[in-house]
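This is what each chain is made of:
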Amino acid sequence: MPRDLRIANAFERGEPISITVNGTPVEAYRGESVAAALLAAGLMRLRSSPKGGARGAFCFMGVCQECTVEHDGRAVSSCQLPCEDGMAIVLRELTDGEH
């Protein structure tokens, strides 16, 4: 993965933790949004559009739902989901019938 894209010393962060994305460990900070952690790790494609195009975090305030991921078997906006140690995230690659 690319280097961490977070701005160093911008503000106090939660403790360093690890989440998994499609089974791959990703470094995060407790309390930051999953969308922010994934963007910082260089993961910009979070799901597919009905025609297979890339979709990712756009508004970062829960309105557009472009950053939808799966957590605990539910579809959630990753920009509204705070990171917790050990959480498992699944990126969504959906077929036309599932949109």
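Treat the numbers as computed from the prediction; the structure is a model and nothing was measured.

Inside soluble globular proteins, nonpolar side chains tend to come together where they are buried. With 20 residues, the main nonpolar core has I19, L38, C83 and I89 as its most contacted residues. Of all the elements in the fold, those that place two or more residues in this core are strand 1 (16-21), strand 2 (24-29) and helix 1 (34-40). Tallying contributions element by element places helix 1 first for this core, with four residues. Excluding residues within four positions of it along the chain, L38 makes contact with I19, V21, V26, L43, L46 and L91.

Another aspect to go through is a nonpolar patch on the surface. Taken together, L39, M44 and F60 make up a surface patch of nonpolar side chains, about 290 Å² in accessible area. When you line up the elements, M44 lands in the loop between helix 1 and strand 3 (47-48). With a relative accessible area of 59%, M44 lands in the exposed category.

This part covers the sheet that holds strand 2. Adjacent strands of a sheet pair through backbone hydrogen bonds, lying either parallel or antiparallel. The strand order across the open sheet built from five strands is 2-1-7-5-6, with neighbouring strands paired in mixed fashion. Single-partner strands in this sheet number two, and they are strand 2 and strand 6 (74-77). Adjacent strand axes in the sheet meet at a mean angle of 40°, parallel and antiparallel pairs treated alike. In terms of strand pairing, strand 1 meets strand 7 (residues 88-90) through two bridges, oriented parallel. By the bridge assignment, V21 is partnered in strand 7 with I89.

Let us now look at unusual backbone geometry. A positive phi is found at N22, a non-glycine position, where the angle reads about 50°. Here N22 shows up in the loop between strand 1 and strand 2. Note on N22: relative accessible area 46%, which makes it partly exposed. Even without being glycine, D72 reaches a positive phi, approximately 55°. Inspection of the secondary structure puts D72 in the loop between strand 5 (68-71) and strand 6.

With that settled, consider the environment of D85. Relative to the elements of secondary structure, D85 occurs in the loop between strand 6 and strand 7. Sequence-wise, D85 and R30 are 55 residues apart; in three dimensions their C-alpha atoms are separated by 6.9 Å. When residues no more than four places from it in sequence are discounted, the contact partners of D85 are I17, S18 and R30. Among the polar contacts listed, one links the side chain of D85 to the backbone nitrogen of S18, at a separation of 3.1 Å.

Cut-offs and rules
Residues numbered from 1 in each chain as written. Predicted model: local features only at pLDDT ≥ 70, side-chain atom pairs only at ≥ 80, totals over all residues. Heavy atoms only, no water. Core = buried A, V, L, I, M, F, W, Y, C linked by side-chain atoms within 4.5 Å. Buried < 20%, exposed > 50% of the residue type's maximum accessible area, 1.4 Å probe, protein only. Helix = DSSP H or I, 4+ residues; strand = E, 2+ residues; numbered from the N terminus. Contact = heavy atoms within 4.5 Å. Patch = residues over 30% accessible without salt bridge, like charges linked within 9 Å, V, L, I, M, F, W, Y side chains within 5 Å. Areas by Shrake-Rupley, 256 points an atom, 1.4 Å probe, with all protein chains shown as cover. Salt bridge = Lys/Arg side-chain N within 4 Å of Asp/Glu carboxyl O. Pairing = 2+ DSSP bridges. Axes fitted to C-alpha atoms, helices over the stretch in contact; angles between N-to-C directions. Polar contact = N/O pair within 3.5 Å; in protein donor to acceptor, adjacent residues only side chain to side chain.

Interpretation in functional terms is not warranted from these geometric data alone.
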